[in-house]
Amino acid sequence: MFDALSERLGGIFDNLTGRGALSDKDVSEALREIRVALLEADVALPVVKDFIAKVKTRAVGEEVIRSVKPGQQVIKIVYDGLVDMLGGEDADTSLRIDSPPAVVMMAGLQGSGKTTTTGKLAKRLSEKGRKKVLLASLDVRRPAAMEQLAILADQCGDSVSSLPIIQGQLPADIARRALNAAKIGGYDVLFLDTAGRTSIDEQMMTEAAEIAEIAQPQETLLVADALTGQDAVETARRFHERLPLTGLVLTRMDGDGRGGAALSMRAVTGLPIKFLGVGEKLDGLDTFDAQRVAGRILGQGDIVSLVEKASEQMDAAKAERMAEKMRKGIFDLNDLAEQLKQMQQMGGLGGLMGMLPGARKAKQAMEAANLDDNVLKRQEAIISSMTKAERAKPALLNASRRKRIAAGSGTTVQDVNKLLKMHQQMAGMMKKMRTKGGMKNMLGMAQ
Ligand code: GDP
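Calculation rules
- Residues numbered from 1 in each chain as written.
- Predicted model: local features only at pLDDT ≥ 70, side-chain atom pairs only at ≥ 80, totals over all residues.
- Pairing = 2+ DSSP bridges.
- Helix = DSSP H or I, 4+ residues; strand = E, 2+ residues; numbered from the N terminus.
- Axes fitted to C-alpha atoms, helices over the stretch in contact; angles between N-to-C directions.
- Core = buried A, V, L, I, M, F, W, Y, C linked by C-beta atoms within 7 Å.
- Buried ≥ 20, exposed ≤ 12 C-beta atoms within 10 Å, placed from the backbone.
- Domains from an automatic or database assignment.
- Contact = placed C-beta atoms within 7 Å.
- UniProt positions renumbered as here; feature names shortened; annotations may be inferred.
- Expected span 1.5 Å × (residues − 1).
- Arc of directions from axis to C-beta.
- Near = placed C-beta within 6 Å.
- Parallel < 35°, antiparallel > 145°, perpendicular 65-115°, else oblique.
- Left-handed = near helix turned anticlockwise from the far one by under 90°.
- Nonpolar A, V, L, I, M, F, W, Y, C, P; charged D, E, K, R; others polar.

### Focus on the sheet that holds strand 8 (residues 285–287)
An order of 3-2-4-1-5-6-7-8 is seen for the eight strands of this open sheet, with the pairing classed as mixed. A strand with exactly one partner marks an edge of an open sheet, and here the two such strands are strand 3 (160–162) and strand 8. Mean inter-strand twist for the sheet, computed between neighbouring axes without regard to direction, equals 25 degrees. Of the strand pairs in this sheet, strand 7 (residues 273–277) and strand 8 are connected by three bridges, and their pairing is antiparallel. Residue pairing for strand 8: Gly277 is matched across the bridge by Leu285.

Here's what the structure looks like:
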């Protein structure tokens with residue numbers, strides 16, 4: 001999976017990192033090529049558009065890290081964008097199986113790998129999670145499917161059983177019987193393997209919805225074949241309209257697909273991908289990890305970690321400089337500007353100020369000043385309209401200078417005064433913290 005895409009991206013990245021400086025045109029050209037590569041990998045168009053727009057915004061807004069090449073920084077931004085596309089690094093991939101018997105309902109088209117995945121999950125839960133697991137097949141039209149599940153249960157070992165098959169029962173009745181058996185038998189988890197069809201079919205959907213209603217599953221997983229590309233995405237969307245899906249399993253990730261389904265699935269359905277099927281055997285199941293998949297696609301792990309480190313070092317150096325100034329009781333308007341920028345980047349109040357012990361009051365002062373994004377931007381504009389000397393020594397700011405700054409930043413003298421007052425309060429806090437010995441903690445965080 002992803003081989004062709006990886007190769008294409010590799011070529012684009014080689015081109016980027018081969019140069020020292022990058023012009024806007026170089027970046028736009030690279031993004032255009034990435035866009036084509038993603039579309040050729042069968043990623044859904046809206047997903048590609050959204051991805052490119054986000055990467056562009058980040059590439060423009062990101063602070064330049066001097067110790068790495070611009071091309072390397074772009075690769076890191078693309079990597080971050082891919083991780084986001086796949087659900088983010090903190091995506092919830094665990095199964096909620098906390099109130100025994102927890103019901104996990106498996107849905108999907110026939111041949112998608114539903115039954116095999118049920119067996120894989122049962123094996124994993126019994127071996128790694130030490131759970132007692134019951135499997136029940138609701139596929140009354142295909143006796144072979146029921147037998148297949150029973151065989152899988154046998155292969156999983158002693159902690160996994162399958163519900164005895166009674167011919168002629170309806171799916172809803174089997175679900176009720178399975179629930180009872182799971183309760184009486186003290187099972188932790190009950191898997192309901194529902195019947196699939198070769199294509200979306202109203203009867204199948206109604207049946208699955210009825211079973212979800214009866215069994216009230218904690219997890220309802222859709223199993224989709226990653227090799228079927230956009231069809232898999234469309235299938236997931238249609239299932240999601242009718243069933244309370246909680247997650248996705250993509251099978252045949254070991255196959256030779258373009259990868260578009262895997263890449264679009266999360267963004268189109270909004271559902272987390274929880275597992276990847278990577279083989280026919282019972283141990284062919286991986287927990288989904290957005291970073292690992294993005295890393296595999298880009299194949300630029302070294303560069304990504306290099307840029308991460310450089311950016312951490314830059315932040316640490318900044319924090320150290322800030323701590324040094326505080327140690328000396330200096331907090332000038334340059335520092336305030338830096339704080340405002342950080343707050344904007346973090347999407348709200350926070351930043352270094354928020355993390356400092358004893359700085360709560362200063363933070364409250366900022367909050368009281370009602371700092372929304374626009375206010376932050378205005379304040380940054382005010383500070384950038386000052387001269388270097390004024391920023392370092394706010395005492396210079398007499399009435400006429402304030403007037404000039406207000407005019408230069410498109411604000412009012414009142415706005416300038418407000419900002420200076422806030423700065424004074426913060427600088428006062430810094431001094432107090434210094435004398436109260438809060439310094440040790442502060443320096444601790446800067447290291
Ligand atoms: P169901 O009809 O949805 O229950 O599908 P099955 O579980 O019977 O799977 C159909 C076929 O796909 C079987 O031959 C499985 O061995 C195979 N299969 C399932 N998952 C994977 C996978 O992740 N990788 C590969 N290579 N084959 C798989």
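### Examining the nonpolar core
Ranked by internal contacts, the top residues of the largest apolar core, which has 100 residues, are Leu190, Phe191, Leu192 and Leu250. Per-element tally for this core: the top contributor is helix 4 (residues 70–85), with eight residues. Composition of this core by domain shows at least three residues from each of domain 1 (3–90 + 298–303) and domain 2 (102–287). Sequence-distant contacts of Leu192, that is, excluding residues within four places in its chain, are made with Val103, Met105, Met106, Ala136, Leu138, Ala175, Ala178, Ile211 and Ala215. Core analysis: the next-biggest nonpolar cluster, separate from the first, contains 14 residues, Phe331, Ile383, Met386 and Ile405 among them.

### Observations regarding the UniProt feature "domain: SRP54-type proteins GTP-binding" (unreviewed entry) in the protein chain
Using the residue numbers shown here, the UniProt feature "domain: SRP54-type proteins GTP-binding" (unreviewed entry) corresponds to residues 272–285. Spanning residues 272–285, this segment combines 0% helix with 43% strand, and its end C-alpha atoms are found 16 Å apart.

### A closer look at helix 7 (residues 171–184)
Between its first and last C-alpha atoms helix 7 spans 20 Å; for 14 residues at 1.5 Å apiece the expected length is 20 Å, and the two agree. Within the span of helix 7, buried status applies to Pro171, Ile174, Ala175, Ala178, Leu179 and Ala182. Projection of helix 7 onto a plane perpendicular to its axis shows the buried side chains occupying an angular sector of 140 degrees, all on one side. Of the exposed residues in helix 7, those oriented more than 90 degrees away from the buried face are Asn180, Lys183 and Ile184. A positive backbone phi angle near 65 degrees is found at Gly186, which sits one or two residues after helix 7.

### Quick look at the site of the ligand
Near the ligand there are 18 residues, and of these Gly113, Lys114, Thr115, Thr116 and Gly277 occur at the shortest range. Among the elements that take part in the shell around the ligand, helix 5 (residues 114–127) stands out by supplying three residues, more than any other.

### A look at the environment of Pro101
Within the fold, Pro101 resides in the loop between helix 4 and strand 1 (102–107). A tally of 24 C-beta atoms within 10 Å means that Pro101 is categorised as buried. Linking Pro101 and Arg197, residues 96 residues apart in sequence, is a C-alpha distance of 28 Å. Excluding residues within four positions of it along the chain, Pro101 makes contact with Ala182, Lys183, Tyr187, Asp188, Val189 and Leu190.

### Examining the packing of helix 4 against helix 11 (residues 290–298)
Across the interface, helix 4 lies against helix 11 with an axial gap of 9 Å and an inter-helix angle of 135 degrees. Our classification of the angle between helix 4 and helix 11 gives oblique. As for how helix 4 packs across helix 11, the hand of that crossing is right-handed. Together, Ile75, Val78, Tyr79, Leu82 and Val83 of helix 4 and Ala290, Gln291, Ala294, Ile297 and Leu298 of helix 11 make up the contact between the two elements. The residue makeup of the contact of helix 4 with helix 11, split by class, is nine nonpolar, one polar and no charged.

### What about helix 18 (residues 399–409)?
Considered for burial, the residues of helix 18 that qualify are Arg402, Ile405 and Ser409. When helix 18 is viewed along its axis, its buried side chains cluster within an angular range of 65 degrees and face the same direction. Of the exposed residues in helix 18, the ones pointing more than 90 degrees away from its buried face are Ala399 and Ser400. The first or second residue beyond helix 18 is Gly410, which carries a positive phi of 70 degrees.

### Structural notes on the domain arrangement of the protein chain
Domain assignment breaks the protein chain into domain 1 (3–90 + 298–303), domain 2 (102–287) and domain 3 (328–446). Taking only C-alpha atoms into account, the centre of domain 1 sits 35 Å from that of domain 2. The interface of domain 1 with domain 2 comprises 11 residues on the first partner and 13 residues on the second. Looking at the side of domain 1 that touches domain 2, the elements with two or more residues in it are helix 1 (3–17) and helix 3 (45–61). Looking at the side of domain 1 that touches domain 2 residue by residue, the class counts come to eight nonpolar, one polar and two charged.

### Here we look at the pairing of strand 2 (residues 133–137)
Of all five residues in strand 2, five are buried, a share of seventy percent or more. Side chains Val133, Leu135 and Ser137 project from strand 2 onto one buried face, and the interleaved Leu134 and Ala136 project onto a second face that is buried too. The pairing of strand 2 with strand 3 spans three bridges and is parallel. Bridge pairing links Val133 to Val160 in strand 3. Direction of pairing for strand 2 relative to strand 4 (residues 189–193): parallel, over a ladder of five bridges.

### What to know about unusual backbone geometry
With an omega of -10 degrees, the peptide bond between Pro100 and Pro101 qualifies as cis. Residue Arg130 is not a glycine yet carries a positive backbone phi of 50 degrees. Structurally, the position occupied by Arg130 is in the loop between helix 5 and strand 2. The class for Arg130 is exposed, based on 9 C-beta atoms found within 10 Å. One non-glycine residue, Gln216, lies in positive phi territory at about 45 degrees. By the C-beta count within 10 Å, which is 11 here, Gln216 ends up exposed.

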